[in-house]
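Structural overview for review
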Amino acid sequence: MSDLTKLTAVEIAGLVAGGETSAVEVTRAHLDRIGAVDDRVHAFLHVDTEGALAAARAVDERRAAGEELGPLAGVPVAVKDVLTTKGVPTTVGSKILEGWRPPYDSTIVQRLRAAGTVMLGKTNMDEFAMGSSTEYSAYGPTYNPWDLSRIPGGSGGGSAAALAAYEAPLAIGSDTGGSIRQPGAVTGTVGAKPTYGGTSRYGLVAFSSSLDTPGPCARTVLDAALLHQVIGGHDPRDSTSIPQPVPDVVAAAKLGATGDLTGVRLGIVKEFAGEGGEPGVMAAFRESVDALAKLGAEIVEISCPHFKYALPAYYLIAPSECSSNLARFDGVRFGLRTGDDGNRSLEEVMSLTREAGFGPEVKRRIMIGTYALSSGYYDAYYGQAQKVRTLITRDFTAAFEQVDALISPTTPFVAFPVGSRTADPYQMYLADLYTIPTNLYGGPGISVPCGLSDGLPVGLQVMAPTMADDRMYRVAAALESAVGTFTPPAL
Ligand code: GLN
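If you're wondering where the values come from, they're calculated on a predicted model, not measured in any experiment.

**Regarding the overall build of the chain**
Each helix and strand in the chain was counted, giving 17 helices and 11 strands. The C-alpha atoms of the chain give 21 Å as radius of gyration, which agrees with the globular expectation for 491 residues (23 Å, within 12%). For the chain, the spread of C-alpha atoms along the three principal axes comes to 65 × 55 × 45 Å. Among the 491 residues that make up the chain, the fraction classed as buried is 60%.

Listed below in structure tokens is the structure:
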């Protein structure tokens, strides 16, 4: 048997269904791989060895009993620590939830279990999903398997690194401003942000509720589509969930893999061209645009004049929503409680708990958000940012009257060295320059590996209209068929 950790999810599921290997064997291979490399990569915050083996055994028993298995049965998956997992620690990368074992599974995790996938454990992330490098995790950074001195992106760097290090063939992320796509780009893996409301937020620890979107991460576009199909779709327990079936992303990925984009119109966002992309990133992007044109796509330049205001609007809206969402971490209801010696008031205990439990970036966001929402400033900041959000949505609507999808580099720079951007928050925020407009609009976006710059991966982003997630998979799979996949140096 070839190395089970090097296979795609499709290949693993095929071998398990055909009885050529067992889910237990596959799971052990991945647990061994985690044991061999994760002290260097630190993709995982918690490995659920017992739970994974039990889930794998259940799949093997169902197969032995002649039951029909789903398309991803027996395939291991790593889950970002932002999603609740019943009885399994969920920290959101924060000290404030250290040791918390949720009493329930998030919808995404329920669906993963129902599909017979095997959850290996919980992956590292920037605290409360705020960051672009995983350096803001309270449990120490994750390292990029392509170069262990560099960051794996963020906030979902753990999920992306687990894929690139062959610790898992599938992973789950969450994307509020780019946290699935940017880690995908800098680790040479695929990451998709579904249409907002296309995947359930039930059991997703909230950062910015109008933007948060869980989604699939994988090493190939088809694997990501299969995972998307399993986790997506209407959930009555999420009030913003869209009551429609998931677009047929699997069929779209298969269609794209034929390498024919005849009749597909792709728009390059004009305003992104001048905005600080590294030369190596821009070169890889231009080569990919040529490759897409060779596949038959028609390439047009599109102006989205308000995209340049997306970053500042996001950094008012996201902190505002977070300042409200994080009020629930008060030392009474969840996790950490500090200073409760019987002599202190509730307010003192609350403030000592938050002082000890939240890291500097989270505190910065809560302060910005509280200020932006305060009476007297509300209209000038939050109200203004919401107006900008409407203008950005109009840019997308106008663009999609002319083209089927928009394309751009996923992020302006390749994986940067650990420690090189933490001193200046704005330098960190720039990582999401190209991904944030999609979140403000609510449409889907995917990052697919498109080339290398100085030996480090570059991602191309495809953005589609809301509920046209299938379209972005088609384009991404077509590009993948032309440029191939990218393998990091052996660890
Ligand atoms: N990097 C962005 C931020 O820090 C986006 C994070 C995310 O998508 N969760 O807010």
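So much for the structure itself; the text now carries on.
**Comments concerning the layout of surface pockets**
As a volume, the largest pocket reaches approximately 240 Å³. What lines the largest pocket is a set of 16 residues, and nearest its centre among them are Tyr104, Gly203, Leu204, Val205 and Ala206. Residues belonging to the lining of the largest pocket are distributed by class as follows: 9 nonpolar, 3 polar and 4 charged.

**Description of the packing of aromatic side chains**
Per the counting criterion, the structure on display carries 16 aromatic pairs. On the numbers, 5.4 Å between centres and 55° between planes, the contact of Tyr104 with Tyr202 is tilted. With Tyr104 in the loop between strand E2 (76-80) and helix H4 (107-114) and Tyr202 in the loop between strand E5 (190-193) and strand E6 (213-218), this pair connects stretches of sequence that are 98 residues apart. Its relative accessible area of 30% is what places Tyr104 among the partly exposed residues. What links up through ring pairs into an aromatic cluster is the set Phe272, Phe307, Phe396, Phe400, Tyr434 and Tyr441. The ring of Tyr166 carries the charged tip of Lys6 above its face, separated from the ring centre by 5.1 Å. Over the aromatic face of Phe416 sits the side chain of Arg421, whose NZ or CZ is 5.1 Å from the ring centroid.

**Digging into the pairing of strand E7 (residues 265-269)**
Pairing geometry for E7 and strand E8 (residues 298-302), over 5 bridges, is parallel. Residue pairing for E8: Arg265 is matched across the bridge by Glu298. As defined by bridge partners, E7 adjoins strand E9 (residues 405-409) across 3 bridges and the pair is classed as parallel. In the sheet register, Ile268 faces E9, and the bridge partner there is Ile407.

**Some words on the nonpolar core**
Buried together is how nonpolar side chains tend to be arranged in soluble globular proteins. Phe128, Ile172, Leu406, Leu460 and Tyr473 are the most contacted members of the largest nonpolar core, which has 151 residues in total. By residue number, the principal contributor to this core is helix H11 (residues 310-325), which donates 9 residues. For Leu406, the contacting residues outside a window of four places in its chain are Gly267, Val269, Ile302, Cys304, Phe396, Ala399, Phe400, Gln461, Val462 and Met463.

**Thoughts on the sheet that holds strand E11 (residues 456-463)**
Spatial strand order, E1-E3-E2-E4-E6-E5-E10-E11-E9-E7-E8: 11 strands in an open sheet with mixed pairing. Only two strands of the sheet have a single neighbouring strand rather than two, namely strand E1 (44-47) and E8. Each neighbouring strand pair of the sheet contributes to a mean axis angle of 30°, computed without reference to strand direction. Across the face of the sheet, helix H17 (residues 469-483) comes into contact with E5, E6, E7, strand E10 (445-453) and E11 while running at roughly 20° to E10.

**A closer look at the pattern of salt bridges**
As enumerated under the stated definition, the model contains 14 salt bridges in all. A salt bridge links Arg333 to Asp330, with the shortest nitrogen-to-oxygen separation between them at 3.1 Å. Within the structure, one salt-bridge network assembled from shared partners comprises Glu361, Arg364 and Arg365.

**Quick notes on the packing of H4 against helix H7 (residues 221-231)**
Running from amino to carboxyl end, H4 crosses H7 at an angle of 110°, the nearest separation of the two axes being 8 Å. By the angle between their axes, H4 is roughly perpendicular relative to H7. Along its contact with H4, which presents Ile108, Arg111 and Leu112, the element H7 presents Leu227, Val230 and Ile231. Across the contact of H4 with H7, the residue classes tally to 5 nonpolar, no polar and 1 charged.

**Quick notes on helix H14 (residues 379-402)**
Side chains three or four residues apart in an α-helix point the same way, a direct result of the helix having 3.6 residues per turn. The terminal C-alpha atoms of H14 lie 34 Å apart, and with 24 residues this matches the ideal 34 Å at 1.5 Å per residue to within 8%. Considered for burial, the residues of H14 that qualify are Tyr382, Gly383, Ala385, Val388, Arg389, Ile392, Asp395, Phe396, Ala399 and Phe400. Elements that come into contact with the buried residues of H14 comprise E8, H11, helix H13 (360-373), E9, helix H16 (436-441) and E11.

**A look at the side chain of Thr142**
Here Thr142 is to be found in the loop between strand E3 (118-123) and helix H5 (157-164). The buried category is assigned to Thr142, whose relative accessible area is 0%. Among the polar contacts made by the side chain of Thr142, one reaches the side chain of Asn124 at a distance of 3.0 Å. Those residues in contact with Thr142 that sit more than four places away from it in its chain are Val41, His42, Ala43, Asn124, Thr134, Pro152, Gly157, Gly158 and Ala161.

**Considerations on the side chain of Thr220**
Tracing the backbone shows Thr220 in the loop between E6 and H7. Within the structure, Thr220 has its side chain in polar contact with the backbone nitrogen of Asp223 (distance 3.1 Å). Leave out the neighbours within four places in its chain, and Thr220 touches Thr8, Val190 and Glu480.

Calculation notes
Residues numbered from 1 in each chain as written. Predicted model: local features only at pLDDT ≥ 70, side-chain atom pairs only at ≥ 80, totals over all residues. Heavy atoms only, no water. Helix = DSSP H or I, 4+ residues; strand = E, 2+ residues; numbered from the N terminus. Rg over C-alpha atoms; globule rule 2.2 N^0.38 Å. Buried < 20%, exposed > 50% of the residue type's maximum accessible area, 1.4 Å probe, protein only. 1 Å grid on protein atoms, 1.4 Å probe; cavity = no way out; pocket = protein on both sides within 12 Å on 5 of 7 lines; lining within 4 Å. Points joined across faces, edges and corners; volume = space filled by probe spheres on them. Nonpolar A, V, L, I, M, F, W, Y, C, P; charged D, E, K, R; others polar. Phe/Tyr/Trp six-rings, centres within 6.5 Å; stacked < 30°, edge-to-face > 60°. Lys NZ or Arg CZ within 6 Å of the ring centre and 35° of its normal. Pairing = 2+ DSSP bridges. Core = buried A, V, L, I, M, F, W, Y, C linked by side-chain atoms within 4.5 Å. Contact = heavy atoms within 4.5 Å. Axes fitted to C-alpha atoms, helices over the stretch in contact; angles between N-to-C directions. Salt bridge = Lys/Arg side-chain N within 4 Å of Asp/Glu carboxyl O. Parallel < 35°, antiparallel > 145°, perpendicular 65-115°, else oblique. Expected span 1.5 Å × (residues − 1). Polar contact = N/O pair within 3.5 Å; in protein donor to acceptor, adjacent residues only side chain to side chain.

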